[in-house]
Amino acid sequence: MRLWIGLSLSQLPLEVFSPNWCSDPGSVVLEQERVLALSPAARAAGIGRGMRRGGVLMLLPEARLYERDPAREAEALDAVALAMLQYTPQVALAEEATLLMDIGASLRLFGGIRALCARVRASLRALGFTAAVSCAPTARAAWLLARYGGQHGGRGGAYGRVPGRSLRMASLERRLDRLPVALLPPARLYAAWFEGLGCERLGELRRLPRPGLQRRCGRELLDMLDAAYGLCPELFDWVAPPESFRARLELFDRIEQADLLLAGAGHLVLQLVGWLCARQFAVERITLLMEHERGRVAMPPTPLEIALAEPTWRDEHLMRLLKERLAKQELPAPVIGLALEALQVRAMAPPTESLFPEPGGTEEDRMRMLELLVARLGPENVLQALPQADYRPEVANEWVPVQQKVRPSERAARLPPDVASLPRPSWLLAKPIALLMRNHRPFYGSPLKVASTPERIEAGWWSETQTRDYFIAEGQDHTLYWIYRERIVGSGADAEPRWYLHGLFG
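The name given to the protein in an unreviewed UniProt entry is DNA polymerase Y family protein, and the organism recorded there is Massilia agri. A UniProt comment under Sequence similarities (unreviewed entry) is attached to the protein, and it reads "Belongs to the DNA polymerase type-Y family."

Asker: Teacher, can you tell me more about the packing of helix H4 (residues 70-84) against helix H6 (residues 113-127) here?
Answerer: How two helices sit against one another is set out by the angle between their axes and by the gap between those axes. The contact between H4 and H6 brings their axes to 11 Å, and the two run at 140 degrees. It follows that H4 is oblique to H6 by the angle criterion. H6 is crossed by H4, and the crossing has right-handed handedness. The residues of H6 that touch H4, namely those facing Val80, Ala83 and Met84, are Val120, Ser123, Leu124 and Leu127.

Asker: Quick question: what am I supposed to make of the pairing of strand E6 (residues 98-102) here?
Answerer: Along any regular strand, the residues point their side chains to alternate faces of the sheet. For E6, the buried fraction is high: five of the five residues fall into the buried class. Here E6 shows no split at all, with Thr98, Leu100 and Asp102 on one side and Leu99 and Met101 on the other all buried. As defined by bridge partners, strand E1 (residues 4-8) adjoins E6 across five bridges and the pair is classed as antiparallel. When the bridges of E6 are listed, Leu7 appears paired with Leu99.

Asker: Looking at this structure, I do not really get the pattern of salt bridges. What am I missing?
Answerer: A side chain with one charge can pair with a side chain of the opposite charge if their charged atoms come near. All chains considered together, the criterion is met by 21 salt bridges. Between Arg210 and Asp226 there is a salt bridge whose closest N-O contact spans 2.9 Å. Within this pair, whereas Arg210 is found in helix H11 (residues 210-217), its partner Asp226 is found in helix H12 (residues 219-228), the two being separated by 16 residues in sequence. By relative accessible area, which is 9% here, Asp226 ends up buried. Put simply, Glu305 and Arg285 hold a salt bridge, and the shortest N to O gap is 3.0 Å. Taken together, the residues Glu305 in strand E10 (residues 302-312) and Arg285 in strand E9 (residues 281-291) connect sequence positions 20 residues apart. Glu305 sits in the partly exposed class, given a relative accessible area of 38%.

Asker: Just checking my understanding: could you explain the pairing of strand E20 (residues 480-486) for this structure?
Answerer: Strand direction decides the pairing type here: strand E19 (residues 466-474) and E20, joined by seven bridges, are antiparallel. If you follow Ile472 over to E20, its bridge partner there is Trp482. Connecting the antiparallel pair E19 and E20 is a turn made up of five residues, with His478 showing a positive phi of about 70 degrees. Pairing analysis gives six bridges linking E20 to strand E21 (residues 498-504), with the strands arranged antiparallel. Across the sheet, the residue bridging to Arg485 is Trp499, located in E21.

Asker: Teacher, can you tell me more about the sheet that holds strand E5 (residues 91-94) here?
Answerer: For sheets, the rule is that strands pair by backbone hydrogen bonds, running either parallel or antiparallel. Pairing within the open sheet is antiparallel, and its four strands lie in the order E5-E6-E1-E7. A strand with exactly one partner marks an edge of an open sheet, and here the two such strands are E5 and strand E7 (132-136). Between one strand and the next, the sheet's axes are offset by a mean angle of 20 degrees, whatever the strand orientation. Relative to E6, E5 runs antiparallel, the two being bridged by four bridges. From the neighbouring strand, Ala94 faces E6, where its bridge partner is Thr98.

Asker: Would you mind showing me how to read the sheet that holds strand E3 (residues 34-38) here?
Answerer: Reading across the sheet, the three strands line up as E3-E2-E4 and stay open at both edges, with mixed pairing between neighbours. Two strands in the sheet have a free side with no partner beyond their single neighbour: E3 and strand E4 (64-67). Averaged over all pairs of adjacent strands, the angle between strand axes in this sheet comes to 35 degrees, irrespective of strand direction. Sheet topology places strand E2 (residues 27-31) next to E4; four bridges connect them, and they run parallel. The residue bridging Leu30 from the neighbouring strand is Glu67, located in E4.

Asker: Got a minute to help me understand the side chain of Ser18 in this structure?
Answerer: Here Ser18 lies in the loop between helix H1 (12-15) and E2. Classification of Ser18 as buried rests on a relative accessible area of 10%. Apart from residues lying up to four places away in sequence, Ser18 is in contact with Asp24 and Ser27.

Asker: Before we go on, may I ask you to explain unusual backbone geometry in this structure?
Answerer: Peptide bonds are, in most cases, trans, and in most cases residues other than glycine have a negative phi. Unlike most non-glycine residues, His440 shows phi in positive territory, near 60 degrees. With respect to the element layout, His440 can be found in the loop between strand E15 (436-438) and strand E16 (441-443). Phi is positive for His478, close to 70 degrees, though the residue is something other than glycine. Here His478 shows up in the loop between E19 and E20. A relative accessible area of 60% means that His478 is categorised as exposed.

Asker: Would you take a moment to explain the side chain of Glu324 for this structure?
Answerer: Mapped onto the elements, Glu324 comes out in helix H14 (residues 315-328). Glu324 sits in the buried class, given a relative accessible area of 18%. With sequence-adjacent residues up to four places away left out, Glu324 is seen in contact with Leu372, Ala375 and Arg376.

Asker: Quick question: what am I supposed to make of the packing of H6 against helix H13 (residues 262-279) here?
Answerer: Two numbers describe how H6 lies on H13: the axes approach to 8 Å, and their chain directions differ by 130 degrees. In terms of axis orientation, H6 runs oblique to H13. In this structure, H6 uses Ser123, Ala126 and Leu127 to contact H13, whose residues at the interface are Ala263, His267 and Leu270. Looking at the contact of H6 with H13, its residues break down into four nonpolar, two polar and no charged.

Definitions and cut-offs
Residues numbered from 1 in each chain as written. Predicted model: local features only at pLDDT ≥ 70, side-chain atom pairs only at ≥ 80, totals over all residues. Heavy atoms only, no water. UniProt positions renumbered as here; feature names shortened; annotations may be inferred. Axes fitted to C-alpha atoms, helices over the stretch in contact; angles between N-to-C directions. Helix = DSSP H or I, 4+ residues; strand = E, 2+ residues; numbered from the N terminus. Parallel < 35°, antiparallel > 145°, perpendicular 65-115°, else oblique. Left-handed = near helix turned anticlockwise from the far one by under 90°. Contact = heavy atoms within 4.5 Å. Buried < 20%, exposed > 50% of the residue type's maximum accessible area, 1.4 Å probe, protein only. Pairing = 2+ DSSP bridges. Salt bridge = Lys/Arg side-chain N within 4 Å of Asp/Glu carboxyl O. Nonpolar A, V, L, I, M, F, W, Y, C, P; charged D, E, K, R; others polar.

Shown next, in the form of structure tokens:
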């Protein structure tokens, strides 16, 4: 079943200057000195569409006035289209700031049409845009329903309430019949003629004689009408993702606190996710560039690089990492723009669903937890063990950042075979602790009882010689310790040997 979602961004001329996440005292977009779009605060002040600049300033002197910028609107529409590619690879740009998405093959993946529409709306809010969302079995019908919803803000208007979601052709025809004729762009040139005929709705337009209608209005009007009712095929030019990803966002104010950049970063991350899904990639390393003042006081952008332990294409995880990093970021100067680059990607490999999933989460969940800890604590404070091929415990016990990839086979191959089979404590002390001797027995909180045969280590003659006998010792509270007795070699061999605590068993 083919099913289409239509997105009408009727507030796009305004929201390219003032996204919906900004606090707005009253913004107005002018075209040829007349109001084209306005914010709710401006509307509450009495300003209406078509009002002149002088009237706006008289009613709201502190209003922010912008001249319409079609180039900026086109860039914003491309950004929304790129973000929507995460839901379907078939996204098309249509007339009058509208997007069409063929989502018939995506319904099961996203849990049905209601869940999918909710996710689309959430993505649009995160991008900073407001859109009327419709759903219909034909693309032109979805376009008409979305345009009607965008014009009336979900209200009924003069033609009654027309729901924006219709999944079957029978119900779609009833809804389309109630829409105004003026929604069809070719019909607007003949609005006075249709009004004289008493033809106001699409249902009444369909009952007019087709030959006479074609001679008067042209073939384009009939083709658009037939496409909406599913009587002729529809062809589209699909949005094609670029070969590499780099997106930029001009901020609407000077930002001096890094954590306030999260909304703008989310705008860019959603585009990245759409690009990754369309290209079937997963990202391993991204860089967020925070741009500062230009001109005489120009300075290079401040980079914020995030390296992922496991490739991902989900926006939730990337946003968590950015939130943690931005909370600790210090800005050398106010930020006026953001840019996001995908520096390293690889082919997407979706996780396989096991019949018996591992308790406590998957490997991907574990890696995401570690990445979040790295973002919060810093890479130097989250380490993993990387044993070295050496008999000396201090040398063999090496720790590296958890982001450094070490395969399990490589980790096991580094240990000498005879050492790998011996008991080792889960944690070594940074520096061995000299133990007291009481009644000729080592003492650490309580007398320690030796509970194993000795393991002799004699190594390091090329750098620092170690001659030690290691034992597992047990305290009175049954805690197990890893202690060693230092063997004295040479002229002082008759001296009493010294004992040290080197590790604790978990």
